[in-house]
Amino acid sequence: MTKSKSAYSEPGKLGKSEHHIIVVWVDNEAGVLARVVGLFSGRGYNIESLAVAEVDKKKHISRITIVTSGTPSVIEQIKLQLKKLIPVHKVADFKRNDPNILFKELALFKVVSSKKNREKAQKLCKKYNAFVLDKSKNSFVIQVTALRRDIDKLIEILSPLGLVSTSRTGAVAMTRGSETFK
Amino acid sequence: MGKLISGAEIVFKVLEHHKVDHIFGYPGGAVLPIYDELKNHKTIKHILVRHEQGAGHAAEGYARSSGKPGVMLVTSGPGATNAVTALTDAYMDSIPIVCISGQVPTHLIGTDAFQECDTTGITRPCTKHNWLVKDINDLAKIMDLAFEVATTGRPGPVLVDIPKDIQFKKTNFVLKNSNKKKLNGKSSSNGKITTNNLDKVISLMKKSSKPIFYTGGGVINSGPEASNLLRELISLTGFPITSTLQGLGAYPGDDPSFLGMLGMHGTYEANNAMYSCDLMVNIGARFDDRITGKVDEFSPNSKKIHIDIDPSSIGKNIKVDLAIVSDVGSFLKALNKRIKEKHKDFLNSNKHNISKWWKDIDKWRQKKSLSFKNSKEVIKPQYAVQRLYELSKNKDTFITTEVGQHQMWAAQHYKFNKPNRWMTSGGLGTMGYGLPAAVGVQIAHPDKLVIDIAGEASVLMTMQEMSTAVQYKLPIKIFILNNQYMGMVRQWQELLHEKNYSESYTAALPDFVKLAEAYGCVGIKASKPDELDEKINQMININEPVIFDCRVDPSENCYPMIPSGKPHNQMLLGPEDEKEEVSDEGKTLV
C-alpha cells in the first residue's frame, strides 16, 4: 500500500445514494433562498430541482421543494442542517418512490415542425394532462404536468419531432389523503 | 410618543440592555455615526484594534474566557471582509460573537459604491444568522435577536449589517420581548431529557466493563457549573475520562482519572482507550476528523452515547447507539441526580467490573507517550511549555495559542484545572489567533496572568495587535516557541513528503526583542535551557506586555501522533517508531 500523504483520513465506505424530496417551510424574507441553496452548495449536497413560492400571504411563509440525492446519512444531515437555519419553520422529507406522496412537475414545450410531426407530438403528450397554449402556422406551445422521468422521456421523443424549446419547473410534492405534514 | 432616537443610539441602547461592557472595533466611513454616539455611553468601552481580524479574535478571547458574548464593530467593505476569518473561526468553535458592520447608505447598495461589499452574502456561511437592516423600525428588534441567536442553543457568531442612513434615521425605541417565537423554536437550549433516556445511559454504564467519557467544548460552553457536574459524574462512576482540544480544563488535567487529550496528537492511553472501549459516552464533543482518524476503524467495538445541544452534530460523522439532544449542563445535572437517587452504590458495585480496564489503561500509561529526549544544549519546546506550566500554575493563568506544533505541545504539557482558561483555534485552525485572543482575555480579566503560547510564524500574522496591548496597558505575555519553521508544516513534509521543506522555513525573521521595544513593550530572549526558568519568572513578574523569544530546537517533531489513515491503536510515539516499537530507554520524562 502506498503511504498516504494527506493530513486527512481517507474516505470511508459510502452508503447507497437515494432520491429524496425535501420540503422546507420558510419565512419569506430577503436572502432566505440564498441561505437554503448556499447550505446545499457549501456542504456539497445535490440539487436536482427546486421550486419555491409564497404559500401563505398573511404569515409570509414560502414553501421550497427540493429534489436531491444522497446517502441516508447525507439526507439526514440535509434535514438537520436545514432545521438549524433561523427562518426555517419545518422540514419534510419524502422518498421519491413513496406511494403516499404526489409529485408533479410542469413543462412547456415549443414544437416547430410539419403538420404531421406536430400531430404526432401532440398525441405523445396527450396522457400527461396536455394543454395547447399557443398555436401558429408551423408551431405550438404545449403544457404538460407529469413526473420528472416522464418529462425526461418526452423531451427525448419530442426532439426528432421538432422540439425547439423546453421550460420546466422543479417538482412540487404533497401527501395523499386528509393528513398534512406537521 | 416617546423621544425619537437615532439608529446609532439604538445600537448602544441594545448593547446596554445586554450589559455589554467592551466592544472591539475599528472605525471607518460607514460606521462613523455609531462611533460618534460612543461618547454618550460611558459604560461601554471601545477597544481600538489594529486590524478587524484582531477585533474578532479579541472578541472570541473575551467570550471564551468570560462566558459572555463578544461584540465587534467594523466598517463596510474591507472592514467586514477582514472580519470574515474571525467569524468563521467563531463559527467552527461555537463562540458567541455579535458583529456589527457598517454598510453604504441604502440607496447606494448594489451600485458598487465606495467600500461596498455584499457583507451578508459573504458572511452567510460563517455566521449562525445575519441581517441587513433596511428599515430603522426593525433595528432594535434585530439587534436584540442577534444576541439571542448568538448565545442560545449551540453558540456562534452573528452579524448585523447597518447601512449608514439607517444609523442616522430616527425612530421610537421599543424593545419587545417576542424572541422565542421569532426564532421558530430554535432558541430553546434544552431538549427533553427523559428518565427513560437517563436509565438507558445508566444501564449501558452498568453493563460496561471498558467505559470511557469523551468530553468536549460543549462542557465549557455550557458554563462553569457543567464542569463541576462533570467532576461529580467522574467521582460517582470511577470511569476514565479523556477530552478534546476544546474541552481541556473542564476536568482537572492532573487528576488520575484523566487520560489526557485524545486525537491526532493525543496521548497513547487516551487513544487506545477510545479504540478498545466497549462504551463511549460523548459529552459535548463532535467526532471531529482530528479525533476519529479513519472513520471505519474508529472505536470498532463500543456502544456509543452522544449528548449534544446541536442535533446536526449527532450522527454526522459517527453513528451512535443512543443520542440525547440537550445542553450538557442540564444533562449532567439530571444524570448525576438519577445516579445519586437510584444507584447510590454505583461506584463500589462497579469497581470490580472496570478494574481490569484500569489495569489496561495503566499499561498504556507506562508508555509515557508525552516523554521526549531532553537536551542540555538546546531548549526543547516541550520542556519550555513544561517549565512555563510549573512556574505559572499557582496563578490563575489564562492560556491562548496560535496554531501548529506549539499549540499541540501546549495542549499536551500545560495542565488545566478550570474551564475557560484555555483559548485555542481548533476547528478552523487559525494562525494568528492567539495574540489578539490574549488581548480579549486580558480585557475580561485585567488582573490575571494571560499568556499566548505562540509560534513565530503564526504570531507574525497578527503581530500588529501588540500595539493594541500597549495602548490599553494590557500585560499579555507572548511566549514564542521560535523554531524558525512553520513547524507543523515542516513535520508533515519530513514525515510524508520526503523532507522536501517547501517554503516552510522563514528566512529574515524579525529580532523579536527589538520588535517588542519598537512596540513599546518588553522583549526577552532565551536560547539555553539553564536560563529558561529565570527568564520565565522575569516575564511573569513584569506588569507590561512582553514578547518572549524562546529559541527552541528547530527539528523537534510533535509526538505522539496518529498517522493519516490509521486507527487509534496505531500511533507513532516518537522518531524511532517509524521503524519499530519505541523503547522507553533513552527517553526521559522531564
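Residues numbered from 1 in each chain as written. Chains lettered and ligands numbered in written order. Predicted model: local features only at pLDDT ≥ 70, side-chain atom pairs only at ≥ 80, totals over all residues. Heavy atoms only, no water.

Colleague: Let's hear about the state of the cysteines: which residues, and what values?
Modeller: All names here are of chain B. What the rule picks out here adds up to zero disulfides over all chains. Left unpaired, Cys550 is separated from the closest cysteine sulfur, that of Cys558, by 16 Å. By relative accessible area, which is 0% here, Cys550 ends up buried. (Disulfide = S-S within 2.5 Å. Buried < 20%, exposed > 50% of the residue type's maximum accessible area, 1.4 Å probe, protein only.)

Colleague: Describe the nonpolar core, and please don't skip the residues or the numbers.
Modeller: Soluble, globular proteins show a tendency: their nonpolar side chains are buried together. All names here are of chain B. Membership of the largest hydrophobic core comes to 98 residues, with the highest contact counts inside it found for Ile283 and Phe479. At six residues, helix H11 (residues 224-237) tops the list of elements feeding residues into this core. Residues in contact with Phe479, not counting those within four places in the same chain, are Ala384, Leu388, Ile451, Asp452, Ile453, Ala454, Ile536, Met539, Phe548 and Cys550. Membership of the second largest hydrophobic core comes to 42 residues, among which are Ala83, Leu159, Phe398 and Leu435. (Core = buried A, V, L, I, M, F, W, Y, C linked by side-chain atoms within 4.5 Å. Helix = DSSP H or I, 4+ residues; strand = E, 2+ residues; numbered from the N terminus. Contact = heavy atoms within 4.5 Å.)

Colleague: So what's going on with the sheet that holds strand E11 (residues 258-261) of chain B? Residues and values would help.
Modeller: Remark on secondary structure: sheet strands pair via backbone hydrogen bonds, oriented parallel or antiparallel. All names here are of chain B. The strand order across the open sheet formed by six strands is E11-E10-E9-E12-E13-E14, and the pairing between neighbours is parallel. Two strands in the sheet have a free side with no partner beyond their single neighbour: E11 and strand E14 (322-325). Along the sheet, successive strands turn relative to each other by an average axial angle of 15°, direction set aside. Across three bridges, the pairing between strand E9 (residues 211-215) and strand E10 (residues 241-243) is parallel. Residue Thr215 lies in a different strand from E10, and its bridge partner there is Ser243. (Pairing = 2+ DSSP bridges. Axes fitted to C-alpha atoms, helices over the stretch in contact; angles between N-to-C directions.)

Colleague: Go over the pattern of salt bridges with me, naming the residues and quoting the values.
Modeller: All chains considered together, the criterion is met by 34 salt bridges over all chains. Among the salt bridges present, the one from Asp310(B) reaches Lys84(A), with a minimum N-O distance of 2.8 Å. In this pair, Asp310(B) sits in the loop between strand E13 (303-308) and E14 while Lys84(A) sits in helix H2 (residues 72-84), so the two residues belong to two different chains. For Asp310(B), a relative accessible area of 2% translates into the label buried. Here Lys84(A) falls in the partly exposed class, since its relative accessible area comes to 28%. (Salt bridge = Lys/Arg side-chain N within 4 Å of Asp/Glu carboxyl O.)

This is a description of form; function is not addressed.
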